[in-house]
Amino acid sequence: MNIVVIGTGYVGLVSGTCFSEMGNKVTCVDIDATKIENLNNGVIPIYEPGLEPMVLKNVTNKNLFFTTNIETAIKDAEIVFIAVGTPMGDDGSADLQYVLAVAKSIGKTMQKRLVVVDKSTVPIGTADKVKAAIQQQLEIRNETIEFDVVSNPEFLKEGAAINDFMKPDRVVIGAESAYAIEKMKQLYTPFSMSHERFIVMDVRSAEMTKYAANAMLATKISFMNEIANICEKVGADANQVRIGIGSDSRIGYNFIYPGCGYGGSCFPKDVKALKKIASEYNYEAKLITSVEDVNDAQKLVIANKVISRFGENLTGKTFGIWGLAFKPGTDDMREAPAIYIIKELVKRGAKIKAYDPKAMHEAHGFYLKGIKNVTYVASKYQALESADAMLLLTEWKEFRSPDFDEIKKLLKSPIIFDGRNQYNMFNLAEKGIEYYQIGK
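Student: Let's hear about unusual backbone geometry: which residues, and what values?
Tutor: Of note, Asn142 is a non-glycine position whose phi angle comes to about 60 degrees, a positive value. Structurally, Asn142 is set in the loop between α6 (126-141) and β6 (147-151). Classification of Asn142 as exposed rests on a relative accessible area of 70%.

This is how it looks when you write it as structure tokens:
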């Protein structure tokens, strides 16, 4: 099939690349000429395991193309995906200006029937706005061209996006016409031969499904962190409680690990957006609000443990940080707990030595840009040299089973603050290490 994906951010680039992997001709469009030039030269703008070799292979095989020219791109297209950003507005709502700008461009340039697909995470009712924007441009042109607007939310996990796309748990399609449903079925059949995984519903339900899914996962995280905080108060061990409740098949173990809060591009933005959507329809989303409140507080739990141990004035103290990204397997630092923890310590006079396998350029260039007293180092152990304590904030594989004797030797005082509860099974007290974790 001839596919166009507009937007070469995380969702757009992964989606376009995976569609091309199945033999489709895919053209990715972006208004950022530098990004397109870099992609045409084999420079991938994000880190995602497996993405770069798949891009390069399909460019070589002439299945995948990059351009800034939307008119040329959609000339022969059957399906056009809108995968541009929907940044969070000041009021928590999703900003649709880029989505509607793309819809307007499609209406200005389309020449034949198209299936237009909202791949971006968008508020309920966006498909109607996209349809209106396209139709308005066709009327200005005095053209009558059939088109369909479909909702096809993405459910990709950063760090595992390629596998998620190639072997999906489900493909959700919100559509109004048999033609659009059949086109989407043809596109997705190679990814999943099971009809049970191809789920068709009305457009608004599909739009809501993405928000509901992310809000549910965020709720599990905040619930477990709430339980962990209660465990600390009553003398229970949240790690053991997690095992006890996770063994119930109705609950399961996924997303119930105590930690320093969720971050990333999806959960924080989508929880806020869902809360905003509810308020626009005169409904107070009390549970969703609590999920967000618990998470905001959780991001400072490790910082508060450090302050409790060392005092409010951290002048003269240095802390070695392991992990900056919001989760392992990505360089994404959007809403990462590390941002809030580091800022909280630095404003009290602390110095930071930070290491992350992938996210240091993001921290230095944007998320922690201009923050004084933060140094980035080349290895995890270098971050600990002459530091007063170590903080684990992202559970990268290379951090899971470190040399604790080396850690003890490098630190001024053998103290570990574990924001991801990775070391609770090592009995660090026997090794002479003072150990702080979440929920115990």
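Past the structure itself, the notes keep going.
Student: I'd like a description of the nonpolar core, backed by residues and values.
Tutor: One finds Phe319, Leu324, Leu345 and Leu391 to be the most contacted residues of the largest nonpolar core, which totals 58 residues. If sequence neighbours within four positions are ignored, Phe319 has contacts with Val306, Phe310, Leu314, Leu345, Ala350, Lys351, Ile352, Lys353, Ala387, Ala389 and Leu391. Listed in part, the 38 residues of the second largest apolar core include Val14, Cys18, Val115 and Ile173.

Student: Describe in detail the pairing of strand β5 (residues 114-118), supporting the description with residues and values.
Tutor: Two faces belong to every sheet, and in a regular strand the side chains alternate between them. With 5 of 5 residues buried, β5 lies mostly within the body of the structure. Of the two faces of β5, both are covered, the one formed by Leu114, Val116 and Asp118 as well as the one formed by Val115 and Val117. Bridge analysis of strand β4 (residues 79-82) against β5 gives 4 bridges, and the strand direction is parallel. Residue Phe81 lies in a different strand from β5, and its bridge partner there is Val117. What joins β4 to β5 is helix α5 (residues 97-109), and the crossover it makes is right-handed. With 5 bridges joining them, β5 and β6 adopt parallel strand pairing.

Student: Quick rundown of the sheet that holds strand β14 (residues 434-436)? Include the residues and the values.
Tutor: Taking strand neighbours across the sheet as the criterion, the 6 strands line up as β11-β10-β9-β12-β13-β14 in an open arrangement whose pairing is parallel. Single-partner strands in this sheet number two, and they are β11 (374-376) and β14. Going across the sheet, the axis of each strand differs from the next one's by a mean of 20 degrees, ignoring polarity. Taken strand by strand, helix α13 (residues 301-310) contacts β9 (318-322), β12 (389-392), β13 (415-418) and β14, and its axis lies near 155 degrees from that of β13. Strands β9, β10 (351-355), β11 and β12 of the sheet are contacted by helix α14 (residues 337-346), whose axis makes an angle of about 155 degrees with β10.

Student: Let's hear about a nonpolar patch on the surface: which residues, and what values?
Tutor: A cluster of nonpolar residues, Ile243, Tyr253 and Tyr257, forms a patch on the protein surface that exposes about 310 Å² of accessible area. Locating Tyr253 in the fold gives a position in the loop between α10 (238-246) and α11 (267-280). By relative accessible area, Tyr253 is classed as partly exposed at 33%.

Student: Any chance you could break down the packing of α13 against α14 for me, citing the residues and the numbers?
Tutor: Contact geometry for α13 and α14: axes closest at 8 Å, N-to-C directions at 25 degrees. Relative to α14, the element α13 lies roughly parallel. Here the hand of the crossing between α13 and α14 comes out right-handed. From α13, Ile302, Ala303, Val306 and Ile307 reach across to α14, where they touch Ile341, Glu344 and Leu345. Taken together, the residues that form the contact of α13 with α14 break down as 6 nonpolar, no polar and 1 charged.

Student: Let's hear about the environment of Thr219: which residues, and what values?
Tutor: With respect to the helices, strands and loops of the structure, Thr219 is situated in helix α9 (residues 203-234). As for Thr219 and Phe267, which are separated by 48 residues in sequence, their C-alpha atoms are 9.7 Å apart.

Student: Residues and numbers for the packing of α9 against α11, please.
Tutor: Contact geometry of α9 with α11 gives a least axis separation of 9 Å together with a crossing angle of 115 degrees. Regarding α9 and α11, the two cross each other, and that crossing is left-handed. Contacts between α9 and α11 involve Met208, Lys210, Tyr211, Asn214, Ala215, Leu217, Ala218 and Ile221 on the former and, on the latter, Phe267, Asp270, Val271, Ala273, Leu274 and Ile277. Residues that form the contact of α9 with α11 fall into these classes: 11 nonpolar, 1 polar and 2 charged.

Student: Describe the side chain of Lys380, listing the residues and the values that go with them.
Tutor: Tracing the sequence through the fold places Lys380 in the loop between β11 and β12. We note that Lys380 is buried and unpaired, the nearest opposite charge coming from Glu398 at a distance of 4.7 Å. Ignoring anything within four residues of it in the chain, the contact list for Lys380 reads Trp322, Tyr355, Glu398 and Phe399.

Student: Help me get a handle on the pattern of salt bridges, residues and values and all.
Tutor: What the rule picks out here adds up to 24 salt bridges. Arg204 serves as the salt-bridge partner of Asp128, at 3.0 Å between the closest nitrogen and oxygen. Of this pair, Asp128 sits in helix α6 while Arg204 sits in helix α9, placing them 76 residues apart in sequence. What makes Arg204 partly exposed here is its relative accessible area of 39%. With its nearest N and O atoms 3.7 Å apart, the salt bridge here joins Asp237 to Lys440. Remark: Lys440 occurs in the segment after β14 and Asp237 occurs in the loop between α9 and α10; sequence separation between them is 203 residues.

Student: Would you mind going over α10 in detail, with residue names and values included?
Tutor: Buried within α10 we find Ala238, Asn239, Arg242 and Gly246. Summarising the axial view, the buried residues of α10 lie within an arc of 105 degrees, below the 170-degree limit, and thus occupy one face. Against α9 lie the buried residues of α10.

Student: Mind laying out the state of the cysteines, listing which residues take part and the relevant values?
Tutor: Applying the stated criterion across every chain, the model contains 0 disulfides. Take Cys18: it sits in no disulfide, and the sulfur closest to it among the cysteines is that of Cys28, at 11 Å. Free cysteine Cys260: the closest other cysteine sulfur is in Cys231, separated by 17 Å.

Cut-off values and rules
Throughout, residues of each chain are indexed from 1 in the direction in which the sequence is written. The predicted origin of the model limits local features to residues at a pLDDT of at least 70 and limits the giving and counting of side-chain atom pairs to 80 or more, whereas totals for whole chains, interfaces and linings rest on all residues. Calculation of side-chain values draws on the structure's entire complement of heavy atoms; hydrogens and water are dropped beforehand. Starting at the N terminus, helices and strands are each numbered in turn, a helix being any DSSP run of H or I of at least four residues and a strand any DSSP run of E of at least two. Only protein chains enter the calculation, and the probe is 1.4 Å; a residue is then buried if its accessible area is under 20% of its type maximum, exposed if over 50%, and partly exposed in between. For our purposes a nonpolar core is just a set of buried Ala, Val, Leu, Ile, Met, Phe, Trp, Tyr and Cys residues, chained together by side-chain atoms within 4.5 Å. Contacts between residues were defined by any pair of non-hydrogen atoms, one from each residue, lying within 4.5 Å. A strand pair is defined by DSSP finding two or more bridges across the two strands. Place the viewer so that the strands point away; then a crossover is right-handed whenever the path from the first strand over the helix to the second strand goes clockwise. Under this scheme, a helix contributes an axis fitted over its contacting stretch, all axes are lines through C-alpha atoms, and angles between N-to-C directions fall in the 0 to 180 degree range. Each patch is built from residues that are more than 30% exposed by relative accessible area and take part in no salt bridge. Like charges join if they lie within 9 Å; nonpolar side chains (Val, Leu, Ile, Met, Phe, Trp, Tyr) join within 5 Å. Values of accessible area rely on a 1.4 Å probe in the Shrake-Rupley scheme; residue burial ignores everything except the protein chains shown. Salt bridges, as used here, are contacts in which a Lys or Arg side-chain nitrogen is within 4 Å of a carboxyl oxygen on Asp or Glu. Geometric relationships in this document are graded by angle, where less than 35 degrees denotes roughly parallel, more than 145 denotes roughly antiparallel, 65 to 115 denotes roughly perpendicular, and other angles denote oblique. Helix crossings get a hand from a simple test, with the near helix turned counterclockwise from the far one by less than a right angle marking a left-handed crossing and a clockwise turn marking a right-handed one. Polarity classes work like this: nonpolar for Ala, Val, Leu, Ile, Met, Phe, Trp, Tyr, Cys and Pro, charged for Asp, Glu, Lys and Arg, and polar for all others, with Gly in that last group. Asp and Glu count as negative and Lys and Arg as positive, but His and the ends of the chain are not part of the count. The arc in question is formed by the directions pointing from the helix axis toward the C-beta atoms. The disulfide criterion used throughout: a pair of cysteine sulfur atoms within 2.5 Å.

Keep in mind these numbers describe shape, not what the thing actually does.
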